[in-house]
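Given next are the chains, with one letter for each unit.
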Amino acid sequence: MANTMTDTITPDTINNNAANNGAAPNNTAGQSWFNRPIPGIKQQLTAPLTAVETEPSTKCSSCHSMITNTALIFNCYVCPHCDHHLPMSARERLNWLLDQVEGELGQQFTAKDPLSFVDSKPYPQRMTEAQDKTGESEALIVMYGKLRNLDIVTCAFDFRFMGGSMGSVVGDRFVEAAEKALKDKVPLVCFAASGGARMQEGLLSLMQMARTAAAIERLRIAGVPYIVVLTNPVYGGVTASLAMLGDIHLAEPKAMIGFAGKRVIEQTVRETLEEPFQRAEFLLEHGVVDEVVHRHQLIDTIYRLLAKLCRVPNVAA
């Protein structure tokens, strides 16, 4: 019985029956397992990656858009979506301002630990961590060079370095910058961004307010222009000294500028201070700042003002 069924059922019979039933012929009935076609794997179609997903990017703190670092550099660290001014490092800012860098000042000064100060960490450990993080030796960078046809001395605070706090080395570097400007009779430009005095140095940090103010007074007596650009944020002892003693005060849009913090003032006066309190636009309205300047126009504005103060031909005119 079994032999009879085996002899009568053949691959041709199966194909004929399938054709009569309207089904496709089974071509694999007479094939071995190794000769059967292997079904392919379906590939899921995905959208190509954008530049933001393939390049190092930064998230805008205002509109939360992702912007490639390359685009930020070409746009002077201004968000192309909402026009928010993102922070720049001190060295990037000075290289961006100067057409030609001729030298750097103050690298011989190094911070000490005269108080053996320890909070949650020893002061030397905090300094080492800040230096590793930023690649800088201190919170203030000083350079001199050319801005178009003008010789200038310029300095900038790096807020990443312990909040741009002003210690004894910051005071030493600023005084050296002022003395260089005084000796060469060239303007001094300062980009301020700081949380105030450095508590780890105590009274030595507070003394820098008097030192920097005295250096600025010598510039004023000699008729050497001193321009301050207030960036976000500027607070504490820096605001109470070198940041508010310029001949002209410029500020970037929406920069936070003050002496005490907003929350401290609210707790003192027991009132809620709404926006734009302590913003650059608020200070402009109340006569503290001379002009709020977009970063894209900042170099032209600084040069135009210096050309007038130094009574030299404006090559951009």
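Below or above, wherever it landed, is the structure these notes cover. (Residues numbered from 1 in each chain as written. Predicted model: local features only at pLDDT ≥ 70, side-chain atom pairs only at ≥ 80, totals over all residues. Heavy atoms only, no water.)

### Structural notes on the sheet that holds strand β5 (residues 150–157)
Item 1. Read from one edge to the other, the open sheet built from 7 strands follows the order β3-β4-β5-β6-β7-β8-β9, with strand pairing classed as mixed. Every interior strand has two partners, whereas the edge strands, β3 (100–105) and β9 (291–292), have only one.
Item 2. Bridge analysis of strand β8 (residues 248–251) against β9 gives 2 bridges, and the strand direction is parallel. The residue of β9 that forms the bridge with A251 is V292.
Item 3. Strand contacts of helix α5 (residues 90–97): β3, β4 (140–147), β5, β6 (188–194) and β7 (226–234), with the helix running at about 10 degrees to β4, the strand carrying the most contacts.
Item 4. Sheet strands in contact with helix α7 (residues 168–184) are β3, β4, β5, β6 and β7, and its direction is about 20 degrees off that of β4. (Pairing = 2+ DSSP bridges. Helix = DSSP H or I, 4+ residues; strand = E, 2+ residues; numbered from the N terminus. Contact = heavy atoms within 4.5 Å. Axes fitted to C-alpha atoms, helices over the stretch in contact; angles between N-to-C directions.)

### Concerning the pattern of salt bridges
Opposite charge on two side chains makes pairing possible when the charged atoms of those side chains draw close.
Item 1. Tallying each qualifying case throughout the model produces 14 salt bridges.
Item 2. A salt bridge links E252 to R295, with the shortest nitrogen-to-oxygen separation between them at 2.9 Å. Taken as a pair, E252 in the loop between β8 and α10 (262–269) and R295 in helix α12 (residues 295–310) lie far apart in primary sequence, 43 residues in all.
Item 3. Here E252 falls in the buried class, since its relative accessible area comes to 3%.
Item 4. Of the residues examined, R295 reaches a relative accessible area of 2% and is grouped as buried.
Item 5. Each of R91, E104 and E136 takes part in a single network of salt bridges with overlapping partners. (Salt bridge = Lys/Arg side-chain N within 4 Å of Asp/Glu carboxyl O. Buried < 20%, exposed > 50% of the residue type's maximum accessible area, 1.4 Å probe, protein only.)

### Quick word on the packing of α7 against helix α8 (residues 203–222)
Item 1. With their axes 9 Å apart at the nearest point, α7 and α8 run at an angle of 10 degrees to one another. Classed by the angle they form, the pair α7 and α8 counts as roughly parallel. Of α8, the residues touching α7 (which contributes S168, G171, D172, F174, V175, A178, E179, A181 and L182) are Q208, R211, T212, A215, I216, R218, L219 and A222.
Item 2. Here the contact of α7 with α8 is composed, by residue class, of 9 nonpolar, 4 polar and 4 charged. (Parallel < 35°, antiparallel > 145°, perpendicular 65-115°, else oblique. Nonpolar A, V, L, I, M, F, W, Y, C, P; charged D, E, K, R; others polar.)

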